[in-house]
Amino acid sequence: MRKEGFAVAQMGPVHLQDSREKTVKRLVEMLTEAQSRGATWVTFPELALTTFFPRYVYDKPSEYDPFFEEATPSKAMQPLFAEAARLKIGFYLGYAEKTQVSGTVRRFNTSILVGPDGSIIGKYRKIHLPGTIEPVGDPEFEHLEKRYFDVGDLGFPTFQTPAARIGMCICNDRRWPETFRVMALAGAEVFMLGYNTPSRNIHHNEPVHLREFHHRLCLQSAAYQNAAWVMASAKCGSEDGFDMIGGSMIVAPTGEIVAKTVSEDDEVIVYRCDLELGAYIRRSVFDFERHRRPEHYQAIVNQVGIELPE
Ligand code: ING
């Protein structure tokens, strides 16, 4: 039996005018609550330090750089790192990262995994960037992650911790099964992800109930098909009038939802996860070594889009 307390700390809205200090204070409060309820790991949302700024059109870096952190940990993150180290809690944190890669400025939609000793165990940079580079001209809001972020350059890594082997991804990544399979093939036992998912789809008139249904569908299938625990944390509610879905949850390797938020505010859910449950499923139904046939999967790696066979 390998039981470990995992928490998902969902955030309510972060408004354009909210300072980093005010927002980080909310994260610290939820981290403290998670620890008091038996958690040793906490998953925070995507872009947890600011509003979901890719909904707005900015032209110059000077307009959108204020949303980015230039060091990790940044000054704004310090109180969270300090409290986590004091309470010996590990955490996943999503934020906008501005950095240099081989002398070139790069901007990523990033998450870090921080250990209970306060050290940064690993980093992930979002690979599946939804939306468009140019505005589509929707009267209400845009989805411009391809405009502000580079495609992640770190692959889908996994990180060994005392509790489990942990893999990270971010929001739209959860809609692509390749994300989880790659991490599961590297031994991930727990997937941590944050998301900021608008309640409305600006690209087509999608019934509202489908937003949460597709969100749940992605997480439950990822958990079951990869025999892993899934920690999914929303930043949600109405950010300056722009609604985003909640539905933060913890999903067992069986695909069952074991904990779920009921609000669109700051809300902590905690579950004592038995890591052995995933191991059992990986020795039976999803024993990759025994059952997978990659010689028949070539199209998944060799193709980007659909190619009709002759
Ligand atoms: N947000 C959304 C997400 O993937 C989206 C964007 C929603 C794309 C629904 C397609 C369908 O959950 C982010 N930040 O990726």
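Up top you'll find the structure we're talking about.
Residues numbered from 1 in each chain as written. Predicted model: local features only at pLDDT ≥ 70, side-chain atom pairs only at ≥ 80, totals over all residues. Heavy atoms only, no water.

Caption draft 1: Spotlight on the nonpolar core. Core analysis: the biggest nonpolar cluster contains 47 residues, and Phe6, Val190, Met192 and Met231 have the highest contact counts within it. For Met192, the residues in contact, after removing those within four places along its chain, are Phe6, Trp41, Thr43, Tyr92, Leu113, Ile166, Gly167, Met168, Cys169 and Met231. Counting residues in hydrophobic clusters, the runner-up holds 28 residues, among them Val42, Phe81, Ala84 and Leu93. (Core = buried A, V, L, I, M, F, W, Y, C linked by side-chain atoms within 4.5 Å. Buried < 20%, exposed > 50% of the residue type's maximum accessible area, 1.4 Å probe, protein only. Contact = heavy atoms within 4.5 Å.)

Caption draft 2: Representation of the packing of aromatic side chains within the structure. According to the stated counting rule, one finds 18 aromatic pairs in the structure shown. Between the aromatic rings of Phe81 and Phe91, the centroid separation amounts to 5.4 Å while the plane-to-plane angle is 85°, which identifies the pairing as edge-to-face. Within this pair, whereas Phe81 is found in helix 3 (residues 78-87), its partner Phe91 is found in strand 3 (residues 90-101), the two being separated by ten residues in sequence. Considered together, Phe81 and Phe91 belong to a single accessibility category, that of buried residues. Three or more aromatic residues link up through ring pairs in this structure, and these residues are Phe53, Tyr56, Tyr58, Tyr64, Phe67, Phe68, Phe141, Tyr148, Phe149 and Phe242. A cation over a ring is seen here: Arg174 above Tyr195, with NZ or CZ 4.6 Å from the ring centre. (Phe/Tyr/Trp six-rings, centres within 6.5 Å; stacked < 30°, edge-to-face > 60°. Helix = DSSP H or I, 4+ residues; strand = E, 2+ residues; numbered from the N terminus. Lys NZ or Arg CZ within 6 Å of the ring centre and 35° of its normal.)

Caption draft 3: Region of interest: unusual backbone geometry. For the peptide bond that leads from Thr72 to Pro73, omega is 5°, which places it in the cis range. Unlike most non-glycine residues, Leu47 shows phi in positive territory, near 45°. For Leu47, the location among the structural elements is in the loop between strand 2 (41-43) and helix 2 (61-64). Exposure remark for Leu47: the relative accessible area of 1% places this residue in the buried category. A positive phi angle is found at Ala227, which is not glycine, with a value near 50°.

Caption draft 4: Region of interest: the sheet that holds strand 8 (residues 190-195). In spatial order, the strands read 6-7-8-9-12-13; together these six strands make up an open sheet with mixed pairing. The open sheet has two edge strands, strand 6 (158-160) and strand 13 (257-260), and neither has a second partner. On average, adjacent strands in this sheet sit at an angle of 20° to one another, irrespective of strand direction. Both strand 12 (residues 249-251) and strand 13 contribute to a ladder of three bridges, which runs antiparallel. By the bridge assignment, Ile250 is partnered in strand 13 with Ala259. Packed onto the sheet, helix 5 (residues 177-184) meets strand 6, strand 7 (165-170) and strand 8 and runs at close to 160° relative to strand 7. (Pairing = 2+ DSSP bridges. Axes fitted to C-alpha atoms, helices over the stretch in contact; angles between N-to-C directions.)

Caption draft 5: The arrangement of the sheet that holds strand 4 (residues 104-114) in detail. Strand order in the open sheet made by the six strands is 5-4-3-2-1-14, with mixed pairing throughout. Two strands close off the open sheet at either side, each with one partner strand: strand 5 (120-125) and strand 14 (267-274). The average undirected angle you get between the axes of adjacent strands in this sheet is 35°. Along the sheet, helix 1 (residues 20-36) makes contact with strand 1 (3-10), strand 2, strand 3 and strand 14, crossing strand 14 at roughly 40°.

Remember, this is a structural readout, not a statement about activity or role.
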